[in-house]
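# Analysis of the macromolecular model
As a plain string of letters, each chain reads:
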Amino acid sequence: MIKWLKQVQSVFGTSFLWLISLVYFTQGFRSFVWTAVSYQLKDELKLSPSASQLVFSVAFFPWSIKPVYGILSDCIPIRGQKRVPYLVISTILSLLPWLILGLKESLRSSSGPLMILLTAQNLGSAMADVVVDAMIAEAVRSERAAFAGDLQSVSWSAMALGGICGSLLGGYALTNLQIDIIFLLFSVLPAMQLLSCGLVEESTLGNKALPDLANSISSHLGDQNGLVPEKDVSKEVPSRNNSMRRKKSQKNNKARTVITIKSESVEKKRPLVMQWFYSLKAAFYSLCKAFKQPVILR
């Protein structure tokens, strides 16, 4: 077990592994504080079952629109980064409502402000869940594919451990502690998560290239351009067809390079809002195209 954890740590890094585990542990530990929320709605506010269900339905609505957060983080980068800034924003949204509810008795004693704050908190938690999933996908894509299951095992184990601890401690805390203390205690985890965001640089998540992978990519690109490795040049005499094919591929590559440079220059001249608009438009068309395909072809 320890050897396996050290192996995963050597691949993905200590800070990244700590952030992923902390986020998933916090997601599982939410049962600790939501037990107190149920008690607050039922015993303190004296809400009927239908009114309590309405509060919960509105508060958990942000979890129903999780694809929106992924599209926003993909299409609208903040200072050139797509993951860490959104994780910071979502963590702040998860942290502030519990601090406010723990410090302001008037807000947690009214169903309207309580529902608004709980909705904001779930918005932050759902966004953090989506962003962390995207960070895991990018890290696995750049690392060895054999470690994809290991990273998933670490994340889901952290969530399961958080769920067990939250369920065991939630009832005990509700019996022996005031509800405001429970809210403030749970806010420690989002605060730690916010501090941990500074330990991970987004540029290192998706750009770690393994030597074997880099060599395979370079050799693959060389084959596409019609170039042969040096060790094969002495063994094979280039024929006329090969030289014609090589010249044609070089012309096509030059044409693609010119088109790419022109598109990038046009993209840079556009205002930032228009760049966001075209990115969202492309994402929307891609999503519609994916849903039009039969399920068996997805």
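Residues numbered from 1 in each chain as written. Predicted model: local features only at pLDDT ≥ 70, side-chain atom pairs only at ≥ 80, totals over all residues. Heavy atoms only, no water.

### Some points on the overall build of the chain
Heads up, the condition is: Where helices and strands are cited, they refer to DSSP runs of H or I of at least four residues and of E of at least two residues respectively, numbered from the N terminus. For every residue, the accessible area obtained with a 1.4 Å probe (protein chains only) is divided by the maximum for its type, and the residue is called buried under 20%, exposed over 50%, and partly exposed between those limits. By definition in these notes, contact holds between two residues if any of their heavy atoms fall within 4.5 Å. For every accessible area listed, the method is Shrake-Rupley and the probe measures 1.4 Å; residues are considered covered only by the protein chains on display.
A count of helices and strands for the chain gives 15 helices and zero strands. Out of the 298 residues in the chain, the part that is buried amounts to 32%. Across the chain, the fraction of contacts at a sequence separation of at least 24, relative to all contacts at a separation of at least 6, is 80%. Total accessible area computed for the chain in this model is approximately 18300 Å², and 64% of it derives from carbon and sulfur atoms.

### Brief notes about the side chain of Arg-83
As a reminder, the rule being used: Any pair of nitrogen or oxygen atoms within 3.5 Å is treated as a polar contact; in protein, a donor-acceptor pairing is required on top of that, and neighbouring residues in sequence qualify only through side-chain atoms on both sides.
Position of Arg-83 among the secondary structure elements: in the loop between helix H5 (66–75) and helix H6 (84–103). Within the structure, Arg-83 has its side chain in polar contact with the side chain of Asp-74 (distance 2.6 Å). A distance of 2.9 Å separates the side chain of Arg-83 from the side chain of Glu-138, its partner in a polar contact. When neighbours within four sequence positions are excluded, Arg-83 is seen to be in contact with Ser-73, Asp-74, Val-131, Ala-134, Met-135, Glu-138 and Glu-202.

### Re unusual backbone geometry
Despite not being glycine, Lys-46 has its phi angle at roughly 55 degrees, a positive value. Mapped onto the fold, Lys-46 is located in the loop between helix H3 (30–44) and helix H4 (49–59).

### What about the packing of helix H10 (residues 179–186) against helix H11 (residues 188–196)?
Angle between the axes and distance between the axes are the two parameters that describe a pair of packed helices. The condition is simple: Angles shown run from 0 to 180 degrees and are taken between the N-to-C directions of axes, each axis being a line fitted to C-alpha atoms and, for helices, limited to the stretch in contact. Roughly parallel here means an angle under 35 degrees, roughly antiparallel means over 145, roughly perpendicular means 65 to 115, and every remaining angle is called oblique. Each residue is assigned to one class: nonpolar for Ala, Val, Leu, Ile, Met, Phe, Trp, Tyr, Cys and Pro, charged for Asp, Glu, Lys and Arg, and polar for all the others, Gly among them.
One can describe the packing of H10 onto H11 by two numbers: an axis separation of 4 Å at closest approach and a directional angle of 20 degrees. In terms of orientation, H10 lies roughly parallel with respect to H11. Contacts between H10 and H11 involve Leu-184, Leu-185 and Phe-186 on the former and, on the latter, Val-188, Leu-189 and Pro-190. Looking at side-chain class alone, the contact of H10 with H11 contains six nonpolar, no polar and no charged residues.

### Observations concerning the UniProt feature "transmembrane region" (unreviewed entry) in the chain
The line we're drawing: UniProt positions are given in the numbering used here, feature names are shortened, and annotations may be inferred rather than shown by experiment.
Annotation from UniProt places "transmembrane region" (unreviewed entry) at residues 12–34, 54–72, 84–101, 113–132 and 153–175. In this annotation, residues 54–72 is assigned 68% helix and 0% strand; the end-to-end C-alpha distance for the span is 28 Å.

### Section: H4
The criterion, for reference: Each C-beta atom gives one direction from the helix axis, and the arc is the one those directions make.
Of all the positions in H4, only Ser-52, Val-55 and Ala-59 are classed as buried. The buried side chains of H4 occupy one side of the element, clustering within an arc of 60 degrees when seen end-on. In H4, those exposed residues whose orientation departs by more than 90 degrees from the buried face are Pro-49, Ser-50 and Leu-54.

### Looking at the pattern of salt bridges
Note the following rule: Salt bridge, as applied in this entry: a Lys or Arg side-chain nitrogen positioned within 4 Å of an Asp or Glu carboxyl oxygen.
Summed over all chains, the structure comprises three salt bridges. A salt bridge links Asp-129 to Lys-66; its shortest N-O distance comes to 2.7 Å. Here Asp-129 is found in helix H8 (residues 111–142), whereas its partner Lys-66 is found in helix H5, with 63 residues between them in sequence. Between Arg-83 and Asp-74 there is a salt bridge, with the nearest N and O atoms lying 2.6 Å from each other. One connected set of salt bridges, linked through shared partners, spans Asp-74, Arg-83 and Glu-138.

### Digging into the packing of aromatic side chains
Test applied: Two aromatic rings from Phe, Tyr or Trp, using only the six-membered ring of Trp, form a pair when their centres are within 6.5 Å; if the ring planes differ by under 30 degrees the pair is stacked, by over 60 it is edge-to-face, and anything between is tilted.
The full count for this structure, using the stated rule, is 10 aromatic pairs. A centroid spacing of 5.9 Å and a plane angle of 45 degrees characterise the contact between Trp-34 and Phe-56, whose relative ring orientation is tilted. Pair noted here: Trp-34 is in helix H3 and Phe-56 is in helix H4, with a separation of 22 residues, a long-range link. The class of Trp-34 is buried, set by a relative accessible area of 9%. On the numbers, 6.1 Å between centres and 85 degrees between planes, the contact of Trp-34 with Trp-98 is edge-to-face. Taken together, the residues span a long stretch of sequence, with Trp-34 in helix H3 and Trp-98 in helix H6 at a distance of 64 residues. Each member of the pair, Trp-34 as well as Trp-98, carries the same accessibility label: buried.

### Comments concerning helix H2 (residues 14–28)
The cut-off we apply is this: To estimate the expected span of a helix, count its residues, drop one, and scale the result by 1.5 Å.
Over its 15 residues, H2 runs 21 Å from end to end, which matches the ideal 21 Å to within 8%, given 1.5 Å per residue. For H2, the buried fraction is high: 11 of the 15 residues fall into the buried class.

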